[in-house]
Amino acid sequence: MEYLRTGNHIVVRFDRGEEILGGLKALALKENVRLASVSAIGAVGSFTVGAFKTGEKKYLSNEFSGDYEIVSLTGTVTVSGGDVYLHLHMSAADECGRVVGGHLNRAEVSATCEMVVSVLDGRVDRSFSEEIGLNLMEFGRK
């Protein structure tokens, strides 16, 4: 991974074999990012995405491997329990243009991934909601 920070934006290049979530978390820790939006494109060879089953309060995951283009990778960087918390979704297309996607659990770069992290002022924490079954954004209001 290589990157350039310019003001409140960080332009990142992930290289072949790098795992996107792990790299982004390391970057956020190094650059002290506590709140940001994320957008990326590129190519992945293997990835895991899922969907949250609201009635069961659990994620179902699907693993994919092959040649996939990232159609869209977007999400947020926040904080949970004092640690960096990533919430990303990704859609990727195979060589026939079929697209799959969902909540991103893992993605390994096959060629390159170009990402822009837009750092926002402030900090948003997350806390677990028993009712929903997810870590929700917390704005200090009750």
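In case you missed it, the structure is sitting above this.
Note that the coordinates shown come from a computational prediction; the quantities given were computed from them, not determined experimentally.

**Student:** Explain a nonpolar patch on the surface to me, please; I cannot follow it from the model alone.
**Tutor:** A surface patch of nonpolar side chains, amounting to about 240 Å² of accessible area, comprises Leu4, Val11 and Val116. In this fold, leucine 4 is placed in strand S1 (residues 2-6).

**Student:** Would you explain the packing of aromatic side chains in this entry?
**Tutor:** Describing an aromatic ring pair means giving the distance of the ring centres and the angle of the ring planes. Tallied over the full model, the rule gives four aromatic pairs. Arranged with centres 5.2 Å apart and planes meeting at 25°, the rings of phenylalanine 47 and phenylalanine 64 form a pair that is stacked. A residue pair is termed long-range when its members are at least 10 positions apart, and phenylalanine 47 in strand S3 (residues 36-53) and phenylalanine 64 in strand S4 (residues 58-80) qualify at 17 residues. What makes phenylalanine 47 buried here is its relative accessible area of 0%. Taken together, the ring pairs in this structure connect Phe47, Phe64 and Tyr68 into an aromatic cluster.

**Student:** Explain the pattern of salt bridges to me, please; I cannot follow it from the model alone.
**Tutor:** Where side chains of opposite charge bring their charged atoms close, a pairing between them can arise. Considering all chains together, one arrives at eight salt bridges under this definition. The partner of glutamate 31 in a salt bridge is arginine 5, and the shortest N-O contact between them spans 3.0 Å. Remark: arginine 5 occurs in strand S1 and glutamate 31 occurs in the loop between helix H1 (20-30) and S3; sequence separation between them is 26 residues. You can call glutamate 31 partly exposed: its relative accessible area is 21%. Judged by its relative accessible area of 31%, arginine 5 falls in the partly exposed class. Glutamate 56 is the salt-bridge partner of lysine 53, the closest N and O atoms lying 3.6 Å from each other. Residue classification places lysine 53 among the partly exposed residues on the basis of a relative accessible area of 35%. With a relative accessible area of 45%, glutamate 56 lands in the partly exposed category. Overlapping salt bridges, with partners in common, bring together Glu2, Arg13 and Asp15 in one network.

**Student:** Looking at this structure, how should I read unusual backbone geometry?
**Tutor:** Both trends apply: most residues other than glycine have a negative phi, and most peptide bonds are in trans. Residues other than glycine seldom take positive phi values, yet asparagine 32 does so here, at roughly 55°. Along the chain, asparagine 32 turns up in the loop between H1 and S3. Residue asparagine 32 is classed as exposed on the basis of its relative accessible area of 56%. Positive phi, close to 55°, is recorded for lysine 57, a residue that is not glycine. Mapped onto the secondary structure, lysine 57 falls in the loop between S3 and S4.

**Student:** Honestly, the nonpolar core in this entry has me stumped. Any pointers?
**Tutor:** The nonpolar side chains of a soluble globular protein tend to be buried, and buried together. By size, the foremost hydrophobic cluster in this structure holds 31 residues, and its most contacted members are Ile20, Leu24, Leu73, Met90, Met115 and Val117. Mapped by element, the contributors of at least two residues to this core are strand S2 (9-15), H1, S3, S4, strand S5 (83-93) and strand S6 (99-119). Sorting elements by how many residues they give to this core places S6 first, with seven residues. Setting aside residues up to four positions removed in sequence, valine 117 forms contacts with Asn8, His9, Ile10, Val12, Leu24, Leu27, Ala36, Ser37 and Val38.

Analysis parameters
Residues numbered from 1 in each chain as written. Predicted model: local features only at pLDDT ≥ 70, side-chain atom pairs only at ≥ 80, totals over all residues. Heavy atoms only, no water. Patch = residues over 30% accessible without salt bridge, like charges linked within 9 Å, V, L, I, M, F, W, Y side chains within 5 Å. Areas by Shrake-Rupley, 256 points an atom, 1.4 Å probe, with all protein chains shown as cover. Salt bridge = Lys/Arg side-chain N within 4 Å of Asp/Glu carboxyl O. Helix = DSSP H or I, 4+ residues; strand = E, 2+ residues; numbered from the N terminus. Phe/Tyr/Trp six-rings, centres within 6.5 Å; stacked < 30°, edge-to-face > 60°. Buried < 20%, exposed > 50% of the residue type's maximum accessible area, 1.4 Å probe, protein only. Core = buried A, V, L, I, M, F, W, Y, C linked by side-chain atoms within 4.5 Å. Contact = heavy atoms within 4.5 Å.

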